[in-house]
Amino acid sequence: MRHSLDRTRTALRDHGISEWQIEADVLLSHVIGVSRANFISLVYGAEDSLTRPQATRLKGYLDRRLSGEPLAYIVGRREFYGLDLEVNESVLIPRQETELLVEVALEYIAARVRRLDRPTVVDVGTGSGAVALALAAHTQNARIVGVDISRNALDVAVRNRDRLSAEGVEFAQCDMLDAIAGPVDVIVSNPPYIPTGTLASLAMEVRREPVVALDGGNDGLDHFRRLAIQAEETLAPGGVMAVELMPDQMNDAMSIVRRHMCNVEAVSTRLDLMGNMRALLVKMP
Ligand SMILES: C[S@@+](CC[C@H](N)C(=O)[O-])C[C@H]1O[C@@H](n2cnc3c(N)ncnc32)[C@H](O)[C@@H]1O
């Protein structure tokens with residue numbers, strides 16, 4: 001076992017994969033079907049080697065990883081905000097930076113829950129359901145709806161909901177907020193925001209993710225622009241919209257809000273742990 005681990009680590013490291021140690025652990029524990037925690041104690045004490053089918057599977061996984069496929073797609077799993085989520089090539093792999101969006105949204109949902117019976121929260125571009133399900137895991141008495149244009153992404157979101165027993169979360173196929181009848185108390189979104197012209201220069205692994213989850217048009221703000229226009233119509237009085245964007249898009253995003261949303265009480269940004277502006281917040285009067 002130790003021998004297989006060393007060889008897997010070396011192959012990943014020699015290929016320039018930065019987290020080669022962890023990734024080798026994850027691939028090997030996936031092959032033998034144990035959690036990473038159990039795997040570590042097992043592998044260090046174990047004399048046994050992999051069975052032949054296990055060794056074949058490991059080789060297959062390693063080849064896929066070395067060809068640029070993200071680890072999360074190979075093992076079919078990604079942890080997000082403490083939730084173990086299924087992911088596949090139909091959905092964006094949830095990112096750690098998106099946890100800021102969840103935190104910000106939870107603050108506003110808590111404030112709305114204190115004042116309203118059952119506020120409505122819509123996660124626009126829900127993908128694997130990561131944000132909607134993380135919100136549901138920490139909220140009671142709110143109606144949470146995740147929408148996405150991709151049917152295949154929604155299938156993953158529904159499976160995640162069912163596995164996590166988050167029965168109350170609704171998922172619907174929808175182009176932005178087109179089919180959502182307001183008023184909505186909190187809109188939360190991690191929309192596609194990569195400028196089309198930079199898609200080709202993204203890391204090979206990111207280019208394996210669905211284009212529909214990445215491509216934000218010329219300046220990366222096409223989806224945000226539509227969201228701002230629709231949010232003005234859809235948000236309830238006192239409602240809030242929280243959107244993840246790139247730090248260098250924030251000024252343009254604020255101009256979009258000023259241009260397209262006439263009736264706004266406040267616009268602000270929230271910094272992530274690295275001190276970068278990652279979430280834009282728009283509050284209605
Ligand atoms: C950046 S991904 C975010 C996925 C997930 N919320 C997360 O944070 O991991 C953007 C999502 O928006 C969806 N999307 C793209 N265009 C859309 C549209 N016009 N209406 C609704 N969803 C859309 C994509 O399918 C994708 O799932």
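Now for a description of the structure that goes with this document.

**Comments concerning the overall build of the protein chain**
(1) Moving on: For the protein chain, the count of helices and strands is 11 helices and nine strands.
(2) Moving on: Taking the principal axes of the C-alpha coordinates as reference, the protein chain spans close to 65 × 40 × 35 Å.
(3) Moving on: Relative to its 285 residues, the protein chain shows a buried fraction of 50%.
(4) Moving on: Relative to all contacts within the protein chain whose residues are 6 or more apart in sequence, the contacts with residues 24 or more apart total 64%.
(5) Moving on: When the accessible area of the protein chain is evaluated, it comes to approximately 13,600 Å², of which 50% is carbon and sulfur surface.
(6) Moving on: Here the protein chain carries 31 positive and 39 negative side-chain charges, and the mean point of each set is 3 Å from the other.

**Section: the environment of Ala55**
(1) Moving on: By the secondary structure assignment, Ala55 is in helix 4 (residues 52-66).
(2) Moving on: Measuring from C-alpha to C-alpha, the distance between Ala55 and Ala253 comes to 50 Å, with 198 residues separating the pair along the chain.

**Some thoughts on the pattern of salt bridges**
(1) Moving on: One pass over the full model with this rule turns up 21 salt bridges.
(2) Moving on: Close ionic contact of Glu86 with Arg159 constitutes a salt bridge, the shortest N to O distance being 2.7 Å. Here Glu86, found in strand 2 (residues 83-86), pairs with Arg159, found in helix 8 (residues 151-163); they are 73 residues apart in sequence, far enough to count as distant.
(3) Moving on: The exposure class of Glu86 is buried, given its relative accessible area of 16%.
(4) Moving on: Between Asp185 and Arg112 there is a salt bridge; the shortest N-O distance is 2.6 Å. One end of the pair, Asp185, is in strand 6 (residues 184-189); the other, Arg112, is in helix 6 (residues 99-115), with 73 residues separating them in the sequence.
(5) Moving on: Assessed through its relative accessible area of 7%, Asp185 is described here as buried.

**So, the site of the ligand**
(1) Moving on: Taken together, 19 residues surround the ligand, and among them Gly125, Asp148, Asp175, Met176 and Asn190 come closest.
(2) Moving on: Between a nitrogen atom of the ligand and a side-chain N or O atom of Asp175, the distance comes to 2.8 Å.
(3) Moving on: Measuring from an oxygen atom of the ligand, one finds a side-chain N or O atom of Asn190 at 2.8 Å.
(4) Moving on: Only helix 9 (211-214) and helix 10 (222-234) provide two or more residues apiece to the shell around the ligand.
(5) Moving on: Taken together, the residues that form the shell around the ligand break down as nine nonpolar, seven polar and three charged.

What counts, and at which threshold
- Residues numbered from 1 in each chain as written.
- Predicted model: local features only at pLDDT ≥ 70, side-chain atom pairs only at ≥ 80, totals over all residues.
- Heavy atoms only, no water.
- Helix = DSSP H or I, 4+ residues; strand = E, 2+ residues; numbered from the N terminus.
- Buried < 20%, exposed > 50% of the residue type's maximum accessible area, 1.4 Å probe, protein only.
- Contact = heavy atoms within 4.5 Å.
- Areas by Shrake-Rupley, 256 points an atom, 1.4 Å probe, with all protein chains shown as cover.
- Lys, Arg positive; Asp, Glu negative; His and termini not counted.
- Charge placed at Lys NZ, Arg CZ, Asp CG, Glu CD.
- Salt bridge = Lys/Arg side-chain N within 4 Å of Asp/Glu carboxyl O.
- Near = heavy atom within 4 Å.
- Polar contact = N/O pair within 3.5 Å; in protein donor to acceptor, adjacent residues only side chain to side chain.
- Nonpolar A, V, L, I, M, F, W, Y, C, P; charged D, E, K, R; others polar.

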